[in-house]
Amino acid sequence: MDNKKIKKLTEVLQKLNQEGVTEALRKEALDIVSNISPVELSIAEQNLIEKGMKPQDLRHLCDIHMEVLKDELDKIKTKIEPGHVVYTLIAEHDKILEFLTQLEEVNSKIQKSQKYINSLGEIKELKTIIFNILDAENHHQREEKVLFTEMESRGITGPTRIMRMEHEDLKTKKNSLKVTAEEASELIFNEFKEKVDESAKYIIFNMRDHIFKENYILYPTAIESIQGKDIWNDMKRRCDEIGYCGFTPKA
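These figures come from a predicted structure and were not determined experimentally.

What counts as what
- Residue positions are given per chain, counted from 1 along the sequence in the order it is written.
- Selection of residues for local features in this predicted model requires a pLDDT of at least 70, selection of side-chain atom pairs for listing and counting requires 80 or more, and totals for whole chains, interfaces and linings are taken over all residues.
- Excluding hydrogens and water, the side-chain figures rest on all heavy atoms present in the structure.
- A run of DSSP states H or I qualifies as a helix once it reaches four residues; a run of E qualifies as a strand once it reaches two. Both are numbered from the N-terminal end.
- The reference for a compact globule is 2.2 Å times residues^0.38; the radius of gyration itself is calculated from the C-alpha atoms.
- Here the term buried applies to any residue with accessible area under 20% of the maximum for its type, exposed to any over 50%, and partly exposed to those in between, with areas from a 1.4 Å probe on protein chains only.
- Charge assignment in this entry is limited to Lys and Arg as positive and Asp and Glu as negative, and neither His nor the chain termini are counted.
- In plain terms, the charge of a residue is placed at NZ if it is Lys, CZ if Arg, CG if Asp and CD if Glu.
- Any Lys or Arg side-chain nitrogen located within 4 Å of an Asp or Glu carboxyl oxygen qualifies as a salt bridge.
- By nonpolar core is meant a set of buried Ala, Val, Leu, Ile, Met, Phe, Trp, Tyr and Cys residues that side-chain atoms within 4.5 Å join together.
- What makes two residues a contact is simply this: any of their non-hydrogen atoms within 4.5 Å.
- Pairing of aromatic side chains here covers Phe, Tyr and the six-membered ring of Trp, requires ring centres within 6.5 Å, and sorts the geometry by plane angle: under 30 degrees stacked, over 60 edge-to-face, intermediate tilted.
- In this scheme, Lys NZ or Arg CZ marks a charge over a ring once it lies within 6 Å of the ring centre and within 35 degrees of the ring normal.
- Only residues whose relative accessible area exceeds 30% and that form no salt bridge are eligible for patches; like-charged ones are grouped when within 9 Å, while nonpolar side chains (Val, Leu, Ile, Met, Phe, Trp, Tyr) are grouped when within 5 Å.
- Residue-level accessible areas treat just the shown protein chains as cover; the underlying method is Shrake-Rupley with a 1.4 Å probe.
- Expected helix span is given by 1.5 Å per residue-to-residue step, counting one fewer step than there are residues.
- Bend angle per residue: angle between axes fitted to the 7 residues ending at that residue and the 7 residues starting there.
- Orientation is described by axes fitted as lines to C-alpha atoms, over the contacting stretch for helices, and by angles from 0 to 180 degrees between their N-to-C directions.
- Small angles under 35 degrees read as roughly parallel and large ones over 145 as roughly antiparallel, with 65 to 115 read as roughly perpendicular and the rest as oblique.
- Handedness of a helix crossing follows the sense of rotation of the near helix relative to the far helix, less than a right angle counterclockwise being left-handed and clockwise being right-handed.
- In this classification, Asp, Glu, Lys and Arg are treated as charged, Ala, Val, Leu, Ile, Met, Phe, Trp, Tyr, Cys and Pro as nonpolar, and every other residue, Gly included, as polar.

Participant: Give a description of the overall build of the chain that names residues and reports values.
Facilitator: Scanning the chain from terminus to terminus reveals 11 helices and 0 strands. Helices and strands in the chain line up, N terminus first, as α-α-α-α-α-α-α-α-α-α-α. By the compact-globule yardstick of 18 Å for 251 residues, the chain fits well, its C-alpha radius of gyration being 20 Å. When the backbone C-alpha atoms are referred to their principal axes, the chain occupies close to 60 × 45 × 30 Å. Of all 251 residues assigned to the chain, the portion counted as buried reaches 49%. Distance from the positive charge centre (39 side chains) to the negative charge centre (46 side chains) of the chain: 0 Å.

What follows is the structure in structure tokens.
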């Protein structure tokens, strides 16, 4: 790994956080990120955390990474086969992204409605979508207890720390939306709409962002840093013990 590149990227990310995104800084970061591996990128983020930066302050730097990495998912999937731990996680992400689109659509319908009685179908649909999104718990457990643990044992702790934190944040919001949907008949309809709108938009934006970071930064880092078919086979066994989601595609 090129320590000079890591040091340079660390400095640029620090400036981005302190000064905001200027065109010059954005171009400098893009030039570096275009020629850096996922592992090096993760180490740069880790360096910032070790220097005292809060993990949540790194979240908004991911736009730079995304711009460079957005066409890389197909390349990642060519390195692994259906049934592989990471292949399954990516396939589950595809389903979760579908649920988020459904949530976006049903929230839009609810916001346009004027009366509770006219929204019964949408509220029922909302409950189904929330159930599906909450059904992702085993997905997160496999990430945290198997994939993240293996990465952390290899010294890659910065990205996994951020992902764990985001799992908790999103779980709180998902449960809040569930409670709101269940209490719909007891709330003033405008209050219900406001609560749904706030929670739904938070979940949609932050979960899409979270999935992008895992697909394009964390998973490539895992594939690059965890070497050996036996290790991946053992990880698959541990994932099987945790279990899968109701929406997990069959290998």
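That covers the picture; the talk isn't over yet.
Participant: So what about the environment of Leu16? Which residues, and what values?
Facilitator: Here Leu16 shows up in helix H1 (residues 3-19). Residues Leu16 and Gly158, spaced 142 residues apart in sequence, show a C-alpha to C-alpha distance of 18 Å.

Participant: Just give me the short version of the pattern of salt bridges, but keep the residues and values in it.
Facilitator: One pass over the structure, following the stated rule, counts 20 salt bridges. Residue Glu137 is joined to Lys171 by a salt bridge in which the shortest nitrogen-to-oxygen separation is 3.8 Å. Taken together, the residues Glu137 in helix H8 (residues 137-152) and Lys171 in helix H9 (residues 158-182) connect sequence positions 34 residues apart. Residue Lys171 is classed as partly exposed on the basis of its relative accessible area of 32%. Asp240 is paired through a salt bridge with Lys236; the nearest N and O atoms lie 3.0 Å apart. Here Asp240 and its partner Lys236 are both found in helix H11 (residues 229-242), 4 residues apart, which amounts to about one turn of the helix.

Participant: Just give me the short version of the nonpolar core, but keep the residues and values in it.
Facilitator: Ranked by internal contacts, the top residues of the largest apolar core, which has 27 residues, are Ile96, Leu103, Leu126, Ile133, Leu177, Phe192 and Met207. Contributing elements (two or more residues each) for this core: helix H6 (85-112), helix H7 (120-134), H9 and helix H10 (189-225). In terms of residues, this core owes the most to one element, H10, which gives 8 residues. The contact partners of Leu103, leaving out residues within four places of it in the chain, are Leu126, Ile129, Ile133, Leu177, Ala200, Ile203 and Ile204. Counting residues in hydrophobic clusters, the runner-up holds 24 residues, among them Leu73, Val85, Leu89 and Leu147.

Participant: Could you give an account of the packing of aromatic side chains, with specific residues and numbers?
Facilitator: Enumeration over the complete set of coordinates arrives at 3 aromatic pairs. Plain terms: the ring middles of Phe99 and Phe247 are 5.2 Å apart, the flat faces sit at 80 degrees to each other, and that makes the pair edge-to-face. With a gap of 148 residues between them, Phe99 in helix H6 and Phe247 in the segment after H11 connect regions that are remote in the sequence. Accessibility expressed as a relative area gives 6% for Phe99, which makes it buried. Taking the centre distance of 4.2 Å and the plane angle of 35 degrees together, the rings of Phe212 and Tyr216 count as tilted. Of this pair, Phe212 and Tyr216 are both found in helix H10, 4 residues apart, which corresponds to roughly one turn of the helix. Its guanidinium or amino end placed over the ring of Tyr87, Lys77 lies 5.3 Å from that ring's centre, counting from NZ or CZ. Stacked on the ring of Tyr202, the Lys or Arg Lys173 has its end atom at 5.1 Å from the ring centre.

Participant: I'd like to hear about a nonpolar patch on the surface, residue by residue, with values.
Facilitator: A cluster of nonpolar side chains, namely Tyr116, Ile117 and Leu120, defines an oily patch on the protein surface of about 270 Å² accessible area. Secondary-structure assignment places Tyr116 in the loop between H6 and H7. Taking the relative accessible area as the measure of exposure, Tyr116 reaches 30% and is therefore partly exposed.

Participant: Kindly report on H10, identifying the contributing residues and their values.
Facilitator: Taking 1.5 Å per residue, 37 residues should reach 54 Å; H10 reaches 51 Å between its end C-alpha atoms and fits that length. At Glu214, H10 shows its maximal bend, which comes to roughly 40 degrees. Most of H10 sits out of view: 26 of its 37 residues are buried.

Participant: So what's going on with the packing of H9 against H10? Residues and values would help.
Facilitator: Closest axis-to-axis distance for the H9/H10 pair is 9 Å, and the angle between their directions is 155 degrees. Looking at the two axes, H9 sits roughly antiparallel to H10. Every pair of crossing elements has a handedness; the one defined by H9 and H10 is left-handed. Among the residues forming the contact of H9 with H10, the class breakdown is 12 nonpolar, 7 polar and 8 charged.

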